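Coordinate inspection notes
Take a look at the letters that make up each chain.
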Amino acid sequence: MPLNKTPAHGAGSASAHHGEILQGVFRNDKGGLKRGLVTLQCPRWKSHATFYPSSRQADIICAPGMWKAHHAAILSMREFSTDTSPVTGGCVEICSDVPRGVGMGSSTADVTATIRAIADFHGATPTAEEIGKIAVEAECASDPIMIDDQVVLFSHREGTVLEIFGRQLPPMIVVGCDADPVTGSIDTITLPPAVYSAAEIEIFHSLRSELRAAVAADDVGRLARVATSSAVISQRFLPKLAFDFLLDLCQRAGGCGVQVAHSGTVAGVIFDSRRDDVIDGVDRCVAEIEKAGLPLTGVIACRQAATAVAAGGAA
């Protein structure tokens, strides 16, 4: 970008995710219904942002098409600038390896990295919740990837935490893939919000309780049943062509369940990493996904297993 850069700059980064463990409609502490989700964090893919300030211009430049990050930059400048750091213009450069349009939080990673970069330049240290609020304002809905030290039910259209389940997910391995590569990338902005039935909302209430218990007990099987139930409901709104194949493969390979991106095409087969035969099951799952012609997104290890993760590499 044709902009004179000063030595001073700010830097920030953010990880992606691999869809959700649970997504639906839930009650907040006042009894109101709020859309919420629990993501499967995935630090294998990252977005890195660098903010270069300029005293010669009042606006901020981003790469063409990155309007969400651009909006986040403007909001962040308003939030973090002070009398001692009055710069209002500059350039945000983003380097990301997060796959786009498949439901892995690429835009939220860009937005979060941008917010952190501008906060860093101004010497500010916003909380994860403060970053979440700015991210939602910047892109209308946001994943909770900025909250990377807790498992949370996140109101993705308001930027608030509905519930904290615990510090980490149970020890599991997820074999991920693009479960609908024919569809191509999905624009989450134009994707209509799911209209759940009263019966489905009651199911979400039960799944929330089950997930709470699963995290507390380190129970992968229980968590996987929650994820599978949520994925089945998601099929009504954003069906994935390979979903039935993955359900069958899960059973044959010794998996515990499946999880999906509720606004994308990725999905994963969940394994309990404490099982003696887990590596054999993961290897078989990887091989059959590749044989079926589905692009493999990786092998994601939540709380690294003691033994080496199978082909595909751990995230």
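For the structure, check the block above.
Now for a look at the structure at hand. (Residues numbered from 1 in each chain as written. Predicted model: local features only at pLDDT ≥ 70, side-chain atom pairs only at ≥ 80, totals over all residues. Heavy atoms only, no water.)

So, about the packing of aromatic side chains. On inspection of all chains with the given rule, the structure shows 4 aromatic pairs. A ring pair is formed by Phe 26 and Phe 204, whose centres lie 5.7 Å apart and whose planes are at 50°; its orientation type is tilted. Taken as a pair, Phe 26 in strand 1 (residues 10-27) and Phe 204 in helix 4 (residues 198-217) lie far apart in primary sequence, 178 residues in all. You'll find Phe 26 and Phe 204 in the same group, each marked buried. (Phe/Tyr/Trp six-rings, centres within 6.5 Å; stacked < 30°, edge-to-face > 60°. Helix = DSSP H or I, 4+ residues; strand = E, 2+ residues; numbered from the N terminus. Buried < 20%, exposed > 50% of the residue type's maximum accessible area, 1.4 Å probe, protein only.)

One finds Met 172 and Leu 211 to be the most contacted residues of the largest nonpolar core, which totals 67 residues. Among all residues touching Leu 211, those that are not within four sequence positions of it are Ile 21, Leu 22, Val 38, Phe 165, Leu 223 and Val 226. (Core = buried A, V, L, I, M, F, W, Y, C linked by side-chain atoms within 4.5 Å. Contact = heavy atoms within 4.5 Å.)

A separate point is the side chain of Ser 155. Summarising the element assignment, Ser 155 is placed in strand 5 (residues 151-155). Not counting residues up to four positions away in its chain, the partners in contact with Ser 155 are Lys 34, Arg 35, Gly 36, Thr 160 and Leu 162.

Look at helix 5 (residues 220-234): 21 Å from first C-alpha to last across 15 residues, which is about the 21 Å you get at 1.5 Å a residue. Three or more residues of helix 5 are buried, namely Val 220, Gly 221, Leu 223, Ala 224, Val 226, Ala 227, Thr 228, Ser 230, Ala 231, Ile 233 and Ser 234. In the core, the buried residues of helix 5 are packed alongside strand 1, strand 7 (172-178), helix 4, helix 6 (243-253), strand 8 (257-260) and strand 9 (266-272). Backbone nitrogen of Gly 221 and a side-chain oxygen of the N-cap are separated by 3.1 Å at the start of helix 5; the cap is Asp 219. (Expected span 1.5 Å × (residues − 1). Polar contact = N/O pair within 3.5 Å; in protein donor to acceptor, adjacent residues only side chain to side chain.)

Time to look at the packing of helix 6 against helix 7 (residues 278-291). Two elements in contact, helix 6 and helix 7, have axes separated by 9 Å at closest approach and are oriented at 150°. Here helix 6 lies roughly antiparallel to helix 7, going by the angle between them. When you trace helix 6 past helix 7, the crossing you get is right-handed. Taken together, the residues of helix 7 that come into contact with helix 6 (itself represented by Phe 245, Leu 246, Leu 249, Arg 252 and Ala 253) are Gly 281, Arg 284, Cys 285, Glu 288 and Ile 289. Taken together, the residues of the contact of helix 6 with helix 7 break down into 6 nonpolar, 1 polar and 3 charged. (Axes fitted to C-alpha atoms, helices over the stretch in contact; angles between N-to-C directions. Parallel < 35°, antiparallel > 145°, perpendicular 65-115°, else oblique. Left-handed = near helix turned anticlockwise from the far one by under 90°. Nonpolar A, V, L, I, M, F, W, Y, C, P; charged D, E, K, R; others polar.)

So, on to the environment of Lys 46. Take Lys 46: it is sitting in strand 2 (residues 33-54). With 29 residues separating them in the primary sequence, Lys 46 and His 17 have C-alpha atoms 9.4 Å apart. If we skip the residues at most four places from it in the chain, Lys 46 touches Ala 14, Ser 15, Cys 95, Ser 96, Asp 97 and Val 98. One polar contact links Lys 46 to Ser 15, side chain to side chain, over a distance of 2.9 Å.

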